[in-house]
Amino acid sequence: MSLHDDAVLVLKSYEDQEVLCQAYLDHLQAHPDGMWKACEAGHITASALVIDPGHGRVLLTLHKKLRMWLQMGGHCEPQDATLEAAALREATEESGITGLTLLPGGPVRLDRHPIPPPCHCHFDVQYAVLAPAGAVQEISDESLDLRWFAYDEVADVADDSVVRLLDATRARL
């Protein structure tokens, strides 16, 4: 099964956010290369909120290009067998934390957002990952900073999409 096929299966089973889900499926139908960064009409991305429920906090990255506090995430790569694998890889690479585990139940949310040219938008499939006890982050070259934020601090530093992802993640815990 290809990553494209995995994405279609994941999205078809998604029961929330039906209109946005259909937009993702329509995009993939119209753009066979819609999984990849090279698709300038937009492409699927995979992200993951790193969460430490025991301490009531999340790890956010200060994105180098966007200069915003965001969850870890990015583009799918040819070696990613699934969207879950892409999200977990991105979270591990960008956080420097080994031993992250996906929150069960598949994607937590979908989020479509415009990005600077040459591409027009990201169709982000958002997961959550649990940090192991004693996790220590290590900044990557994709970030200006990494920082743990208490749940109630996130709305003060991040945009509404991150707040919605945190709320949906906490509801699933």
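Refer to the structure above for everything that follows.
Residues numbered from 1 in each chain as written. Predicted model: local features only at pLDDT ≥ 70, side-chain atom pairs only at ≥ 80, totals over all residues. Heavy atoms only, no water.

S.K.: When you look at the nonpolar core in this model, what are you seeing that I'm missing?
M.R.: Within soluble globular proteins, side chains that are nonpolar tend to cluster in buried spots. In this structure, Met 35, Ile 44, Val 50 and Leu 83 are the most contacted members of the largest nonpolar core, which totals 31 residues. Ranked by size, the runner-up nonpolar core spans 18 residues in total, among them Trp 69, Leu 70, Phe 149 and Val 154. (Core = buried A, V, L, I, M, F, W, Y, C linked by side-chain atoms within 4.5 Å. Buried < 20%, exposed > 50% of the residue type's maximum accessible area, 1.4 Å probe, protein only.)

S.K.: What is the right way to look at the environment of Ala 85 in this model?
M.R.: In this fold, Ala 85 is placed in helix α3 (residues 83–95). Using a relative accessible area of 32% as the deciding quantity, one classes Ala 85 as partly exposed. As a C-alpha pair, Ala 85 and Leu 3 span 82 residues in sequence and 9.8 Å in three-dimensional space. (Helix = DSSP H or I, 4+ residues; strand = E, 2+ residues; numbered from the N terminus.)

S.K.: Mind showing me how you'd approach α3 here?
M.R.: Within an α-helix, residues lying three or four positions from one another point in the same direction, as the helix has 3.6 residues per turn. Taking 1.5 Å of rise per residue, the 13 residues of α3 would be expected to cover 18 Å, and the 18 Å separating its terminal C-alpha atoms lies within 8% of that figure. For α3, the full list of buried residues reads Leu 83, Ala 86, Ala 87, Arg 89, Glu 90, Ala 91, Glu 94 and Ser 95. Gly 96 occupies a position one or two residues after α3 and carries a positive phi of about 75°. (Expected span 1.5 Å × (residues − 1).)

S.K.: I tried to follow helix α2 (residues 18–30) on my own but got confused; where do I start?
M.R.: Over its 13 residues, α2 runs 18 Å from end to end, which matches the ideal 18 Å to within 8%, given 1.5 Å per residue. Taken residue by residue, α2 has Leu 20, Cys 21, Ala 23, Tyr 24, Leu 25, His 27 and Leu 28 as its buried positions.

S.K.: Help me out: how do you make sense of unusual backbone geometry in this one?
M.R.: Peptide bonds are mostly trans, and most non-glycine residues show a negative phi. You will see that Arg 67, though not glycine, has its phi angle at about 55°, which is positive. Structurally, the position occupied by Arg 67 is in the loop between β2 (57–63) and β3 (69–70). On the accessibility criterion, Arg 67 (58% relative accessible area) is exposed.

S.K.: What's the story with the packing of aromatic side chains in this structure? I'm lost.
M.R.: The geometry of an aromatic ring pair comes down to the distance between the two centres and the angle between the two planes. The tally for this structure, following the rule as stated, stands at 2 aromatic pairs. On the numbers, 5.2 Å between centres and 85° between planes, the contact of Tyr 24 with Phe 123 is edge-to-face. Separated by 99 residues along the polypeptide, Tyr 24 in helix α2 and Phe 123 in strand β7 (residues 121–130) bring together distant segments of the chain. Judged by its relative accessible area of 0%, Tyr 24 falls in the buried class. Classification of Phe 123 by relative accessible area gives buried; the value is 6%. Ring plane angle 75° and centroid distance 5.0 Å describe the contact between Trp 69 and Phe 149, whose orientation is recorded as edge-to-face. Taken together, the positions of Trp 69 in strand β3 and Phe 149 in strand β8 (residues 143–150) put the pair 80 residues apart, joining distant regions of the chain. Of the two residues examined, Trp 69 and Phe 149, each falls in the buried class. The lysine or arginine in question, Arg 57, covers the ring of Trp 148, its NZ or CZ lying 4.0 Å from the ring centre. (Phe/Tyr/Trp six-rings, centres within 6.5 Å; stacked < 30°, edge-to-face > 60°. Lys NZ or Arg CZ within 6 Å of the ring centre and 35° of its normal.)

S.K.: In this structure, what is going on with the pattern of salt bridges? I would like to understand it.
M.R.: When the charged atoms of two side chains with opposite charge come close together, those side chains can pair. Considering all chains together, one arrives at 6 salt bridges under this definition. Where Asp 52 meets Arg 57, a salt bridge forms, and the shortest distance between an N and an O atom there is 2.9 Å. What makes Asp 52 buried here is its relative accessible area of 11%. According to the relative accessible area criterion, Arg 57 is partly exposed, its value standing at 23%. Put simply, Asp 145 and Arg 147 hold a salt bridge, and the shortest N to O gap is 2.7 Å. Residue class for Arg 147 comes out partly exposed when judged on its relative accessible area of 40%. Here the residues in one salt-bridge network are Asp 80, Arg 89, Glu 90 and Glu 93, joined through shared partners. (Salt bridge = Lys/Arg side-chain N within 4 Å of Asp/Glu carboxyl O.)

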